[in-house]
Amino acid sequence: MKSLSPLTDPVYTPRLNYSSYEKWWLTIISDKRDLPFIHLLTLIHLLVMLPGLLLFSGLFSGWLWWALVVPYLYFSQLYFKGRFGLMFHCMCHRKTFKKPYQWLDRYLTWVVCPFFGHAPEGYFSHHIGMHHMENNMPNDTSSTMGYQRDSIQSFMKYFFTFLIRGIHDTLAYLHVRKRKRMHRRLKWGECVYGLLWIGLCFIHLKATVVLLILPLFFSRLASMTGNWTQHAFVDPVDPENAYTNSINCINTVYNRACWNDGYHIIHHLRPGLHYTELPGEFLKLKEAISRNRAFVFDGIHYLHIFRYLMTKRYDKLADNLVNINSMFTSSQEAIELMRARTKKFMI
């Protein structure tokens, strides 16, 4: 196990000088701390959306078309995938654009999101309208509680259940909870997305598969892998406790690339915090984290944890577990608690 070391995850550093491009965007965005989002979106338009449209253009064919597909898939589904998805997650929780420019939120939702496999309105409706409201409890359609969370067979069942039934179950949840606006937005988003698939298949089948169908499958696999790992450890005695039904990953390159997404305990406790405030809030809450014996991992991120769970390498998890205020007397005690919190249970 590790002691709590100084945090290296990104926080806001005030700046004195801005480029002309940045100054123009500062008149449009609500918070100057969100300028990195603008730089990311600029690159995405140049390196993902423009090449994606070229795949449909007819300007390339044969081996030249496939030569464009390779870098396109690298940038859209590997390099920018997590960065965009977690940036959009931040934008769902906080208004990025000033009131006259909030049409840009709809542009991102309806135009940019599909390039990364997100159906319009789907992420917002599921994540804000349900997941944060239910906090991984049974009414959460992506709840992990009913699965053995160190089992690859259980994960595959979890993933395919969500892939097949996720939209239906989320619509049913929103209907029962009378969240009519979100229900309507999700329904229209899915309908338009499906019609877009069908229409574009008649125009260019291969490009539609590359731009829409493969990214959708990969996006939902990545989302379910992330949610599974974020909520892999759940205390059956107190499953609603955000300290003991989620985890934190600190001091990792993932946090620098994906807007401190590793601070998942803190995010559930303070969902409206700006991502640059999460490390500071973590330090403020470290006594509560210790009291609740919450799991904080140093130097590893969700994919590492997922792999260690699937291979049952609890020793590796314990090696990277932060022992705040000596809340664990030994690695073996921590491993036993981790095993207990990955067991399937229902309430």
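Each value, and the rule that gives it
- Residues numbered from 1 in each chain as written.
- Predicted model: local features only at pLDDT ≥ 70, side-chain atom pairs only at ≥ 80, totals over all residues.
- Heavy atoms only, no water.
- 1 Å grid on protein atoms, 1.4 Å probe; cavity = no way out; pocket = protein on both sides within 12 Å on 5 of 7 lines; lining within 4 Å.
- Points joined across faces, edges and corners; volume = space filled by probe spheres on them.
- Helix = DSSP H or I, 4+ residues; strand = E, 2+ residues; numbered from the N terminus.
- Nonpolar A, V, L, I, M, F, W, Y, C, P; charged D, E, K, R; others polar.
- Axes fitted to C-alpha atoms, helices over the stretch in contact; angles between N-to-C directions.
- Parallel < 35°, antiparallel > 145°, perpendicular 65-115°, else oblique.
- Left-handed = near helix turned anticlockwise from the far one by under 90°.
- Contact = heavy atoms within 4.5 Å.
- Buried < 20%, exposed > 50% of the residue type's maximum accessible area, 1.4 Å probe, protein only.
- Salt bridge = Lys/Arg side-chain N within 4 Å of Asp/Glu carboxyl O.

Enquirer: Just give me the short version of the layout of surface pockets, but keep the residues and values in it.
Expert: Considering only enclosed or pocket space, the largest pocket measures out at about 1200 Å³ in volume. Lining the largest pocket are 43 residues, with Leu86, Ser219, Ala222, Ser223 and Gly226 sitting closest to its centre. Breaking the lining of the largest pocket down by element, the ones donating at least two residues are helix 3 (62-79), helix 4 (81-93), helix 6 (122-134), helix 7 (152-176), helix 9 (205-230), helix 10 (253-257) and helix 14 (302-310). Broken down by element, the lining of the largest pocket gets its largest block of residues, 11 residues, from helix 9. Taken together, the residues of the lining of the largest pocket sort by class into 18 nonpolar, 21 polar and four charged. Looking at the second largest pocket, its volume works out to about 440 Å³. Around the second largest pocket, the lining comprises 18 residues; the ones closest to its centre are Lys95, Asp105, Thr109, Phe124 and Arg185.

Enquirer: Just give me the short version of the packing of helix 2 (residues 35-57) against helix 5 (residues 103-112), but keep the residues and values in it.
Expert: It is at 14 Å that the axes of helix 2 and helix 5 come closest, and there the two elements cross at 25 degrees. Between helix 2 and helix 5, the interaxial angle falls into the category roughly parallel. Pair helix 2 / helix 5 crosses with left-handed handedness. Every residue of helix 5 that contacts helix 2 at Leu41, Ile44, His45 and Met49 is listed here: Tyr107, Leu108, Val111 and Val112.

Enquirer: Quick rundown of unusual backbone geometry? Include the residues and the values.
Expert: For asparagine 135, which is not glycine, the phi torsion reads 60 degrees and is therefore positive. Inspection of the secondary structure assignment puts asparagine 135 in the loop between helix 6 and helix 7.

Enquirer: Help me get a handle on the packing of helix 4 against helix 6, residues and values and all.
Expert: Look at helix 4 against helix 6: their axes get within 10 Å of each other, and the N-to-C directions meet at 60 degrees. Considering their axes alone, helix 4 and helix 6 lie oblique with respect to each other. Of the two elements, helix 4 crosses helix 6, and the hand of that crossing is right-handed. Counting all contacts with helix 4, which are made through Phe88, His89, Cys92 and His93, the residues of helix 6 involved are Tyr123, Phe124, His127, Ile128 and His132.

Enquirer: I'd like a description of helix 14, backed by residues and values.
Expert: All of the buried residues along helix 14 are Tyr302, Ile305, Phe306, Tyr308, Leu309 and Met310. The positive-phi residue at the C-terminal boundary of helix 14 is lysine 312, with phi of around 55 degrees.

Enquirer: Please give an account of the environment of phenylalanine 56 that cites residues and values.
Expert: Topologically, phenylalanine 56 is positioned in helix 2. Sequence separation between phenylalanine 56 and arginine 293 is 237 residues, and the spatial gap between their C-alpha atoms is 53 Å. Filtering out sequence-adjacent residues up to four positions away, phenylalanine 56 remains in contact with Leu200, Ile203, His204, Ala207, Thr208 and Leu211.

Enquirer: Give a detailed account of the pattern of salt bridges, specifying residues and quantitative values.
Expert: Per the stated rule, a full pass over the model turns up 12 salt bridges. For arginine 33, the salt bridge goes to aspartate 31, with nearest N and O atoms at 2.7 Å. On the basis of relative accessible area, arginine 33 is assigned to the buried category, the value being 18%. Look at aspartate 31 and you get buried, because its relative accessible area is 14%. With its nearest N and O atoms 3.2 Å apart, the salt bridge here joins glutamate 281 to arginine 270. Of this pair, glutamate 281 sits in helix 12 (residues 278-284) while arginine 270 sits in the loop between helix 11 (264-269) and helix 12, placing them 11 residues apart in sequence. Under the relative-accessibility criterion, glutamate 281 is labelled buried at 12%.

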